[in-house]
Amino acid sequence: MKEAFYEEAAKDKKLVLLDFGAEWCTTCRVVDNLLEKTMPSLEHRLLWVKVDVHQHSDLAERFKVLSVPTVVLLTPQEQVLWRRSGTFQPGELEAALPN
């Protein structure tokens with residue numbers, strides 16, 4: 001999983017938005033709905049990757065995800081720019097984006 005989305009983000013000069021969640025998580029659905037509304041205006045800058053913590057526990061462990069939902073914004077080189085657990089306001093993500 002790692003190589004595919006990091007390579008795609010680097011090729012397209014985008015940041016990576018890892019959206020860690022689980023199928024049973026109702027708050028994850030709230031965050032996903034928020035991101036679905038927000039992403040059309042940001043998709044030229046971000047690659048949104050949904051990560052099921054049960055299917056990709058290695059990735060969740062690497063980013064020290066202790067609860068879901070957790071959203072991590074990072075560069076293709078894995079530099080973390082912003083991180084939130086739980087819900088957040090759309091403007092928080094947009095404010096975290098570098099100019």
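Residues numbered from 1 in each chain as written. Predicted model: local features only at pLDDT ≥ 70, side-chain atom pairs only at ≥ 80, totals over all residues. Heavy atoms only, no water.

**Let's talk about the pairing of strand β2 (residues 46-52)**
If a strand is regular, its side chains alternate between the two faces of the sheet.
And then number 1: Most of β2 sits out of view: 5 of its 7 residues are buried.
And then number 2: The pairing of strand β1 (residues 15-21) with β2 spans 7 bridges and is classified as parallel. Of the residues in β2, the one forming a bridge with L17 is W48.
And then number 3: In this view, the connection linking β1 to its parallel neighbour β2 by way of helix α2 (residues 26-42) has right-handed handedness. (Buried < 20%, exposed > 50% of the residue type's maximum accessible area, 1.4 Å probe, protein only. Helix = DSSP H or I, 4+ residues; strand = E, 2+ residues; numbered from the N terminus. Pairing = 2+ DSSP bridges. Right-handed = clockwise from strand over helix to strand, strands pointing away.)

**Topic: α2**
And then number 1: Compared with the 24 Å implied by 1.5 Å per residue over 17 residues, the 24 Å span of α2 between its first and last C-alpha is a close match.
And then number 2: A maximum bend of about 30° is found in α2 at E36, where proline P40 lies one to four positions downstream.
And then number 3: Restricting attention to buried positions, one finds in α2 the residues C28, V31, D32, L34, L35, T38, M39 and L42.
And then number 4: On the buried face of α2, the contacting elements are β1, β2, β3 (70-74) and α4 (90-96). (Expected span 1.5 Å × (residues − 1). Bend = angle between axes of the 7 residues up to and from the residue. Contact = heavy atoms within 4.5 Å.)

**Some details on the nonpolar core**
And then number 1: With 19 residues, the main nonpolar core has F5, V16, L18, F20, V49, F63 and L74 as its most contacted residues.
And then number 2: Elements supplying a minimum of two residues to this core: α1 (2-12), β1, β2, α3 (57-62) and β3.
And then number 3: Beyond its immediate stretch of four places on either side in the chain, V16 contacts F5, Y6, A9, L47, V49, V72, L73 and L74.
And then number 4: With 15 residues, the next largest nonpolar core counts L15, L35, L46 and A96 among its residues. (Core = buried A, V, L, I, M, F, W, Y, C linked by side-chain atoms within 4.5 Å.)

**Examining the pairing of β1**
And then number 1: For β1, a buried count of 7 out of 7 residues is recorded, marking the element as mostly surrounded by other parts of the structure.
And then number 2: Burial of β1 is two-sided: the residues L15, L17, D19 and G21 facing one way and the residues V16, L18 and F20 facing the other way are all buried.
And then number 3: Sheet analysis places β1 next to β3, joined by 5 bridges and oriented antiparallel. Bridging across to β3, D19 finds its partner in V71.

**Observations concerning the sheet that holds β2**
And then number 1: Read across the sheet, 4 strands follow the order β2-β1-β3-β4 without closing on themselves; strand pairing throughout is mixed. Bordering the open sheet on either side are β2 and β4 (80-85), each of which pairs with just one other strand. Across the sheet, the mean angle from the axis of one strand to that of its neighbour is 15°, orientation sign disregarded.
And then number 2: Running over the sheet, α2 touches β1, β2 and β3 and is turned about 165° from β2. (Axes fitted to C-alpha atoms, helices over the stretch in contact; angles between N-to-C directions.)

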